[in-house]
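Read off the chains here:
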Amino acid sequence: MSRLIDLITQAKSRDLELGKELEREFKVLSSRRSFGLNFERHHPESVELPNRLVHKGDKVHVLPQRGNPRKGDRKVWKVLKISGKGTKRVVQIELQGIDESKIQEVAILDLVAVAEFKDYIYPGLVSTGKVVRDGGKPFHTVINAENFHALEALTYTHRGKVDAIYIDPPYNTGAKDWKYNNDYVESEDLYRHSKWLAMMERRLRIARELLNPATSTLIVTIDEKEYLRLGLLLHQLFPDGLIQMVSTVINRKGNARRGEFARCEEYIFYVRFGETSVVPWQSDMLNEDNKKKSGVRWKSLLRLASTGKTTGRFNLFFPLYFDKKTLKFVRAGDSILDGIDINSVTVPKGLSALWPISKDGNDGRWSLSLPKFNKYMQLGYIKFGKPNGGGRTPYYLMSGQIAAIDTGDLVIKGRDEDG
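This structure is a prediction, so every number in the text was calculated from the model and none was measured.

Further remarks concern the overall build of the protein chain. What the protein chain contains, in helices and strands, is 7 helices and 20 strands. Expressed as a percentage of its 419 residues, the buried residues of the protein chain come to 34%. Sequence-distant contacts in the protein chain: of pairs separated by 6 or more residues, those separated by 24 or more amount to 63%. Surface exposure of the protein chain reaches about 27,600 Å², of which carbon and sulfur atoms provide 52%.

In space, the 6 strands of this open sheet follow the order β1-β6-β2-β3-β4-β5, with antiparallel pairing throughout. Two strands bound the open sheet, and with one partner strand each, they are β1 (46–49) and β5 (103–107). Pairwise comparison of adjacent strand axes, ignoring direction, gives a mean angle of 45° for this sheet. Summarising the sheet, β1 and strand β6 (residues 111–116) pair through 4 bridges and their orientation is antiparallel. Bridge pairing links V47 to A115 in β6.

Now for the nonpolar core. Formed by 31 residues in total, the largest nonpolar core has its most connected members in L204, L218 and L230. Of all the secondary structure elements, the ones that give two or more residues to this core are α3 (147–158), β7 (164–167), α4 (192–210), β10 (215–222), α5 (227–237) and β14 (265–274). Broken down by element, this core gets its largest block of residues, 9 residues, from α4. Excluding residues within four positions of it along the chain, L218 makes contact with I165, I167, L204, L211, L234, F238, F269, Y270, V271 and F273. Core analysis: the second largest hydrophobic core is formed by 22 residues, L320, W366, F384 and I405 among them.

Attention now moves to the sheet that holds β10. Hydrogen bonds along the backbone pair up the strands of a sheet, which may run parallel or antiparallel. Ordered in space as β7-β10-β14-β11, the 4 strands form an open sheet in which the pairing is mixed. Looking at strand neighbours, the two that pair on one side only are β7 and β11 (242–249), the edges of this open sheet. Recorded for the sheet is a direction-independent mean angle of 15° between the axes of neighbouring strands. Here β11 runs beside β14; their pairing, made up of 8 bridges, is antiparallel. Bridging across to β14, S247 finds its partner in Y267.

Time to look at the packing of α3 against α4. Contact geometry of α3 with α4 gives a least axis separation of 9 Å together with a crossing angle of 20°. Regarding the angle of α3 to α4, the classification is roughly parallel. Once α3 is placed against α4, the crossing between them reads as left-handed. Note on element contacts: α4 touches α3 through R202, R203, I206, E209 and L210, opposite N147, F148, L151, E152, L154, T155 and H158.

A word on the side chain of D223. When you line up the elements, D223 lands in the loop between β10 and α5. Buried and unpaired, D223 has no salt bridge, with R263 as the nearest side chain of opposite charge at 4.2 Å. For D223, the side chain forms a polar contact with the main-chain nitrogen of K225, separated by 3.1 Å.

A few words now on the pattern of salt bridges. Tallied over the full model, the rule gives 10 salt bridges. For E224, the salt bridge is made with R263, and the minimal N-O distance between the two is 3.4 Å. Placement of E224 in the loop between β10 and α5 and of R263 in strand β13 (residues 260–263) is noted, with a sequence separation of 39 residues between them. The partly exposed category is assigned to E224, whose relative accessible area is 25%. A single salt-bridge network, built from bridges that share partners, covers E224, K225, R263 and E266.

With that settled, consider the confidence of the model for the protein chain. In this model, the protein chain carries a mean pLDDT of 81, and residues with pLDDT of at least 70 account for 83%. For residues 306–310, every residue scores under 50 in pLDDT, and the model assigns this stretch 7 contacts once sequence neighbours within four places are set aside.

Now for the environment of I165. As for its position among the elements, I165 is in strand β7. Classification of I165 as buried rests on a relative accessible area of 12%. Each C-alpha atom of the pair I165 and V271 lies 9.9 Å from the other, and the pair is 106 residues apart in sequence. Aside from chain neighbours lying at most four places away, what touches I165 is A207, L210, L211, T217, L218 and I219.

What follows concerns the packing of α4 against α5. Following both chains from N to C, one finds α4 and α5 inclined at 35°, their axes separated by 11 Å at the closest point. Crossing geometry of α4 relative to α5 is assigned as right-handed. Contact residues: α4 offers H193, W196, L197, M200, E201, L204, R205 and R208, while α5 offers R229, L230, L233, L234 and L237.

Criteria and thresholds
Residues numbered from 1 in each chain as written. Predicted model: local features only at pLDDT ≥ 70, side-chain atom pairs only at ≥ 80, totals over all residues. Heavy atoms only, no water. Helix = DSSP H or I, 4+ residues; strand = E, 2+ residues; numbered from the N terminus. Buried < 20%, exposed > 50% of the residue type's maximum accessible area, 1.4 Å probe, protein only. Contact = heavy atoms within 4.5 Å. Areas by Shrake-Rupley, 256 points an atom, 1.4 Å probe, with all protein chains shown as cover. Pairing = 2+ DSSP bridges. Axes fitted to C-alpha atoms, helices over the stretch in contact; angles between N-to-C directions. Core = buried A, V, L, I, M, F, W, Y, C linked by side-chain atoms within 4.5 Å. Parallel < 35°, antiparallel > 145°, perpendicular 65-115°, else oblique. Left-handed = near helix turned anticlockwise from the far one by under 90°. Lys, Arg positive; Asp, Glu negative; His and termini not counted. Salt bridge = Lys/Arg side-chain N within 4 Å of Asp/Glu carboxyl O. Polar contact = N/O pair within 3.5 Å; in protein donor to acceptor, adjacent residues only side chain to side chain. pLDDT = per-residue confidence, 0-100.

Dropping the structure here:
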């Protein structure tokens, strides 16, 4: 290891830029883990900067002839000299990445500045228009840019402030559906998976800087071509995140593929940080008709899990009072502490009390605390069903359904009837 460091130092003394490049690659190699997902950290990605003036020392691409639908020269050149004035300026450029020098002269209008991913760039955002909504409603910002640089720019203003990031990357199927170094990555490319991982790793590392560590979620969709590698990459980059992969049906009939099994699903990786939790939702992401249903699923207020006779009640053990004659709910009583016999609680005249007692006769608990129960009653999120001829069985809506109601995605019909 020390011998390599000495050789890098010697290389720096002869060619500073080459020495720095060797040093960067050495640091990457020396930081790799012995176990885990290892792949080449390719640096062939580049982005063209059409609005940037070309200066001496810039890296450039030679544009194709005007009106030519073919791609231009994808080689990277370096500007050595600029002569002339105005639009008639001529640029002397040198081809990069070869042992023998190759120099040519090109009109400045036929060049576009290029930034490779190992180069530092300082992107800025320019407003191109906006749509104004009435009522002071929240607004969204759409950034049209190379996503790596857009994410990098957001780190200056949104580092650690983002609640959720959704990434729908190219699936690397082998078809011409994603580019690398401004060219298509073909299915026979031996480094196809490695290039895909290198592309994903850079963006995921920036996403990590943007996410709020106290409560946030990263969501990434993928199919079977790269889901294994993506899963390993996520575990490697986010060791403190709670990672789960779920399936989502994209075509119930299945997409037919020659010589292979039909595919009806894709996968979604969820990476949760901090206090982020999963709550029930009206759609299971499996059936197409979920969103067509306007009804809701009411859950029994009585917690079914056994909690013991006198422990674990906290603020969840309190009576519900009903009118003896009509069985109409009147109000909730005060919660009682552990160890207090329910028979010692005085029931108001004309009322009967319902306690959270399990089927085996032991003390149970409600699923909601007394303050939350009263709030849910006020908002209409609790109802009393009539199974088996009774009239006092309480049901409530879970927080995920309430959130959907608040956003208008779910509508309650007949709150006094079974959902």
